[in-house]
Amino acid sequence: MVPATADIRVVRCGGSRLSFRRSLFTADSRYLLCVSGDYIKVFSTITEECLHVLQGHCNLVTGIQLNPKNHLQLYSCSLDGSIKLWDFMDGILIKTFLVGCKLLELYTSSAAEDSVFAISSQDNNEDSEIFQLVSVKLPKSTEQEVEAKELSVILEDISRSPKCTAFGRDGKFVASGKSFRLSVYFFKNRKVHRFPLSAANKKGNNNTFTCVACHPKEDCIATGHEDGRIRLWRNFHHKQEYTFSSLHWHHDRVIDVIFSTEGTSFLSGGIESVLVQWRYGAEIEKEFLPRLGTAIEHISASPDGALYCTSHSDNKIMIIQPNLRVSSVIQGLVKGEQIKTGLVVDPRTQALVLNGKPGHLQFYSLQRDKQLYNLDIVQQEYIHQTGLNQTELVKCAFSARGIWLATVEQRQENNAEVELQMKLWEYEEANQSFVLNTRINMPHEDQITSLCFSDTDDQENGIPTLVTTGRDGRFKAWVLSDDSDIYKQSMAWSCDFVGTYHNYEATNCCFSEDGSLLAVSFEEIVTVWESCTWELKCTFCQPPGKIRNLCFGRLNCSKFLLGATDNGFLCCWNLLSCELQWSAQLNIVILQPDPLSENIAAVSWLSEKSDLFVFKPDEPRPLYVQKGVCRGKIQWAVFVPRDIPESVGSEKHQWLNRSQLYFLTETQDLMMFSTESPEDRLTPLSKQLAVEESVPVTPFQQLLRKPHRQEKMDLDLGRASSLKAHGSVAIKELLSTPAHVLPAASVLCSMFINSLLISKHESSKEVPDEVEMESETGMEDSDEEMDSTARKQEVTAPSYMDETSPQLSKYQERELKRLRKKDYSWISTL
């Protein structure tokens, strides 16, 4: 990821890959730790809810491991060149180790003291082909950040895949497979044994290593291979006497293999979507968990052996019991092969809508970072077979208020005619979902290139209108009409108008903001039609090139129409004068208007990088420019309205006030532009608790209130500001330190009580004259009661308290009396 300029940052947001690295169970199997973009998420294995989000890395997190010396702590590494130590239960960052080079994976070993192991490239380049396993010495320091520059190379020229390296029992050795060679490094004598395999066996199968696992209690190494075989290596301490046995069930490559916690079995998975459990020592006995949906990317086992989990290529994690029954599913943003529908926003829920499982639309909440539900569009069983042409969901669009949803699905066999079907779905409040209203077979004679609803479709007096364009040279207008018969009353969609322009291929269409005009592009020509009469009003031409993107301006810029061509021109036409307003030579691949402002985001692609331009149509000068937003080509982008408008200080960043811009990269990473610094995005659990100004003050809140508010109240009460400092350190330590690392209660009690005692020289200080006192009557009553209380204390107090107990001034005694009289009965209602 290329860092953003100024104070706008490009960050990985909701929808990051949960299957990027192997997930980790906590010691009690109650929680599951997952890498998710720049963050680490803590899920409950029972409720499937995300409990914590550990935020602190400023680049992709590439590895996580539990601290072998403290099962409540977690190590993480990132491409930002740092290793962080977390208290994952409380979401607190304990320490940061600055390594200074990009780290691609992290390993820990109980045998290594104050060291962790990581995979890094030899030239510190993420795109390098030569990687090494290094030991990182973690220095002991009381500082929050400390440099860890002491690295030592363990193995050279290893595979980049983290699954190809594994540590043996008790950390005595480490095994790594690359290409056709298995390397084993022994820590005791610092020797490396290498065991080569031929490129192919007698049957021509591929012997390339794909994954490596080590038995937890015996000297045995399991390796997976490209041809679907699993090999069990033994006696590898002797370089010339090693042996291995071969097992075969998978018909394609073995993607991952692990041993169970006790080593009584090992599990493997691949593209067959089947979890295979092999009995160790009796490998003929196998158990299967089939039909898991998509390819298995990772397999994990809990330390107590109570649960397994599998990570899948569609960004899903399945938690599995030892009897091979699925207990819960954690579903992230589904990652498919292609996002043909683009990124669309549901106006009702502000959810991101795009291709999900094959033939489905997924509705994903960006605020909650959770999938809301899947809508089955194709309604056909998907067959997992390579090369089989199946029905695909290629287009979708929502009406202005989200009442109607239009989808297009197609299927084409080689050179045969394309099979098309368009469906119109209506949202039903009773079912809280979309219900199929109309099915239209072959709405066009060739592929549909675009579709859009009129923005006035949902008005009370307006007629819902949908326009589609196709490669058959036509655009069609579809309207909702009465389809009642003697059996029932119903409304259905039907074709109202068919338009053409010199038999050119229709490529794009869009409505103006008020719905009065429709713009349709026919290859190199842009036509403008009046939506009431479907009369052609005008046409626009531009430098030669087919129209790639088309959109109207909004609000104060609604008189402008913009189009981008495939030969590198961006044109803006004035609809009032029917003239070209301005043009720019940019290779625009995405043209996305903000629905809540006049701003338009344009993404250009040139020389293997994408650039962002934000502008208003009435001004050719951009409001914001960012070069090199990400590597490769941005596929899709969309503006998502904010729930609450945000105030951005800089004028050139005002385009982020009301909407956020999300985009999808070639690697299907969902990114966004943010004005928040990494410190502002820290999880609230890692910040000190604060009391709002409007909340009534209670004695416990006085311990937690903000410093500036404390000083203000001290001035109001006339107390010295130094009085507040008593016990602040002890209180802070007591309330901010996790409970499981606190000392004994007897130590805490004495420390806390001693910190609240006031020294004698402070108690003798006089009350300032500026402080307003209570009425004389209240003072006299208070003095009398205080005197009686003091006499009782003199009788009951132990003799040794006379030397240590401080004497309170009259003002302090009156304040103490006032607190006693105050009504705290409201606590009983909680």
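Only a predicted model underlies this, so the values are computations on that prediction, with no experimental measurement involved.

> Residues and numbers for the overall build of the protein chain, please.
Each helix and strand in the protein chain was counted, giving 8 helices and 57 strands. Sorting the 830 residues of the protein chain into buried and exposed places 49% on the buried side. Taking contacts inside the protein chain between residues at least 6 apart in sequence as the whole, the part at least 24 apart equals 45%. For the protein chain, the exposed surface amounts to about 41,000 Å²; the carbon and sulfur share of it is 49%.

> Help me get a handle on the pattern of salt bridges, residues and values and all.
Applying the stated criterion across every chain, the model contains 21 salt bridges. Among the salt bridges present, the one from Arg22 reaches Asp256, with a minimum N-O distance of 2.6 Å. Taken together, the positions of Arg22 in the loop between β1 (9-12) and β2 (24-25) and Asp256 in strand β23 (residues 254-259) put the pair 234 residues apart, joining distant regions of the chain. For Arg22, a relative accessible area of 30% puts it in the partly exposed group.

> Describe in detail the nonpolar core, supporting the description with residues and values.
Ranked by internal contacts, the top residues of the largest apolar core, which has 20 residues, are Leu612, Val629, Ile634, Trp655, Leu661, Phe663 and Phe673. At the level of secondary structure, the elements contributing two or more residues to this core comprise β51 (588-593), β52 (600-606), β53 (609-616), β54 (619-631), β55 (636-641), β56 (659-664) and β57 (670-674). In terms of residues, this core owes the most to one element, β54, which gives 3 residues. The residues contacting Leu661, other than those within four sequence positions of it, are Ala601, Leu612, Ala637, Val638, Phe639, Trp655, Leu656, Met671, Met672 and Phe673. Core analysis: the second largest hydrophobic core is formed by 17 residues, Ala397, Trp404, Ala406 and Leu480 among them.

> Let's hear about unusual backbone geometry: which residues, and what values?
Here the phi dihedral of Asn235 falls at roughly 55°; this positive angle occurs in a residue that is not glycine. As for its position among the elements, Asn235 is in the loop between β21 (229-234) and β22 (243-248). At Met442, a residue that is not glycine, the phi angle is positive and equals roughly 50°. Inspection of the secondary structure puts Met442 in the loop between β38 (433-441) and β39 (448-453).

> Outline the packing of aromatic side chains, supporting the account with residue identities and numerical values.
To describe a pair of aromatic rings, you give the distance between the ring centres and the angle between the ring planes. Overall, the coordinates contain 35 aromatic pairs when judged by the stated rule. Residues Phe167 and Phe187 carry aromatic rings whose centres are separated by 6.1 Å and whose planes lie at 15° to one another, so their mutual orientation is stacked. Placement of the pair is Phe167 in strand β15 (residues 165-167) and Phe187 in the loop between β17 (181-186) and β18 (191-196), with a sequence separation of 20 residues. Owing to a relative accessible area of 16%, Phe167 belongs among the buried residues under this scheme. By relative accessible area, Phe187 is classed as partly exposed at 23%. An angle of 70° between the planes, with centres 5.2 Å apart, marks the rings of Tyr427 and Phe434 as edge-to-face. Relative accessible area serves as the criterion here: at 5%, Phe434 is assigned to the buried category.

> Which residues make up the confidence of the model for the protein chain, and what are the values?
When pLDDT is averaged across the protein chain, the result is 82; 81% of the residues are at 70 or more. Low pLDDT, under 50, characterises residues 706-727; the stretch is placed with 31 contacts to residues that sit more than four places away or in other chains. Note that pLDDT drops below 50 for residues 763-805; the model gives that stretch 26 contacts with residues more than four away or on any other chain.

> Break down the environment of Leu138 for me, citing the residues and quoting the values.
Along the polypeptide, Leu138 turns up in the loop between β12 (131-137) and β13 (145-147). Through-space distance from the C-alpha of Leu138 to that of Thr96 is 9.9 Å; in sequence the pair is 42 residues apart.

> Describe the pairing of strand β27 (residues 296-301), naming the residues involved and giving the relevant values.
With 5 bridges connecting them, β27 and strand β28 (residues 308-312) associate as antiparallel partners. When the bridges of β28 are listed, Ile296 appears paired with His312. Counted between consecutive antiparallel strands, the loop separating β27 from β28 contains 6 residues, among which Gly305 sits at a positive phi close to 75°.

> Tell me about the sheet that holds β54, and name the residues and values.
Ordered in space as β51-β52-β53-β54, the 4 strands form an open sheet in which the pairing is antiparallel. Of all strands in the sheet, those with a lone pairing partner are β51 and β54, marking the two edges. On average, each strand axis in the sheet is inclined to that of its neighbour by 20°, with strand direction left out of account. In the sheet, β52 pairs with β53 via 7 bridges, with the strands oriented antiparallel. Considered in β53, the bridge of Ser604 is made with Asp611.

> Which residues make up the sheet that holds strand β16 (residues 173-178), and what are the values?
Taken in spatial order, the 4 strands make up an open sheet running β15-β16-β17-β18, and their pairing is antiparallel. Both edges of this open sheet fall to β15 and β18, since each of them pairs with a single strand only. Between one strand axis and the next, the sheet turns through 15° on average, direction left out of account.

> Please give an account of a nonpolar patch on the surface that cites residues and values.
On the surface, a cluster of nonpolar side chains totalling about 240 Å² of accessible area is made up of Ile753, Leu756 and Leu757. Along the chain, Ile753 falls in helix α4 (residues 745-756). When its relative accessible area of 43% is taken as the criterion, Ile753 is described as partly exposed.

> Describe the pairing of strand β33 (residues 360-365), and please don't skip the residues or the numbers.
With respect to burial, β33 is a largely interior element, 6 of its 6 residues being buried. Burial along β33 is two-sided: His360, Gln362 and Tyr364 and Leu361, Phe363 and Ser365, pointing in opposite directions, are all buried. Where strand β32 (residues 352-355) meets β33, 4 bridges bridge the pair, whose relative direction is antiparallel. Paired with Leu354 across the strands is Gln362, a residue of β33. Taken together, β32 and the strand that follows it, β33, pair antiparallel across an intervening segment of 4 residues, in which Gly359 is found at a positive phi of about 80°. In this sheet, strand β34 (residues 370-376) lies alongside β33 in antiparallel orientation, the contact comprising 6 bridges. Looking at the pairing, Tyr364 lines up with Gln371 of β34.

> Which residues make up the state of the cysteines, and what are the values?
What is meant by a disulfide is a covalent connection between two cysteines, made through their sulfur atoms. Throughout the structure, instances matching the rule amount to 0 disulfides. Its sulfur unpaired, Cys551 is 6.6 Å from the next cysteine sulfur, which belongs to Cys510. Given the relative accessible area of 5%, Cys551 is considered buried.

> Describe in detail the side chain of Thr96, supporting the description with residues and values.
Turning to its location among the elements, Thr96 is positioned in strand β9 (residues 92-98). Among the polar contacts made by the side chain of Thr96, one reaches the side chain of Lys84 at a distance of 3.0 Å. Once you skip the residues sitting within four places of it in the chain, Thr96 turns out to touch Ser82, Ile83, Lys84, Gln144, Glu145 and Val146.

> Describe in detail the environment of Ala112, supporting the description with residues and values.
Secondary-structure assignment places Ala112 in the loop between β10 (105-107) and β11 (115-121). Not counting residues within four places of it along the chain, the set of residues in contact with Ala112 comprises Lys69 and Phe117.

> Talk me through the environment of Ala564; I want residue IDs and the actual numbers.
With respect to the helices and strands, the residue Ala564 is situated in strand β48 (residues 560-565). In this structure, the C-alpha to C-alpha distance between Ala564 and Leu550, residues 14 residues apart in sequence, is 6.7 Å.

Definitions and cut-offs
- Residues numbered from 1 in each chain as written.
- Predicted model: local features only at pLDDT ≥ 70, side-chain atom pairs only at ≥ 80, totals over all residues.
- Heavy atoms only, no water.
- Helix = DSSP H or I, 4+ residues; strand = E, 2+ residues; numbered from the N terminus.
- Buried < 20%, exposed > 50% of the residue type's maximum accessible area, 1.4 Å probe, protein only.
- Contact = heavy atoms within 4.5 Å.
- Areas by Shrake-Rupley, 256 points an atom, 1.4 Å probe, with all protein chains shown as cover.
- Salt bridge = Lys/Arg side-chain N within 4 Å of Asp/Glu carboxyl O.
- Core = buried A, V, L, I, M, F, W, Y, C linked by side-chain atoms within 4.5 Å.
- Phe/Tyr/Trp six-rings, centres within 6.5 Å; stacked < 30°, edge-to-face > 60°.
- pLDDT = per-residue confidence, 0-100.
- Pairing = 2+ DSSP bridges.
- Axes fitted to C-alpha atoms, helices over the stretch in contact; angles between N-to-C directions.
- Patch = residues over 30% accessible without salt bridge, like charges linked within 9 Å, V, L, I, M, F, W, Y side chains within 5 Å.
- Disulfide = S-S within 2.5 Å.
- Polar contact = N/O pair within 3.5 Å; in protein donor to acceptor, adjacent residues only side chain to side chain.

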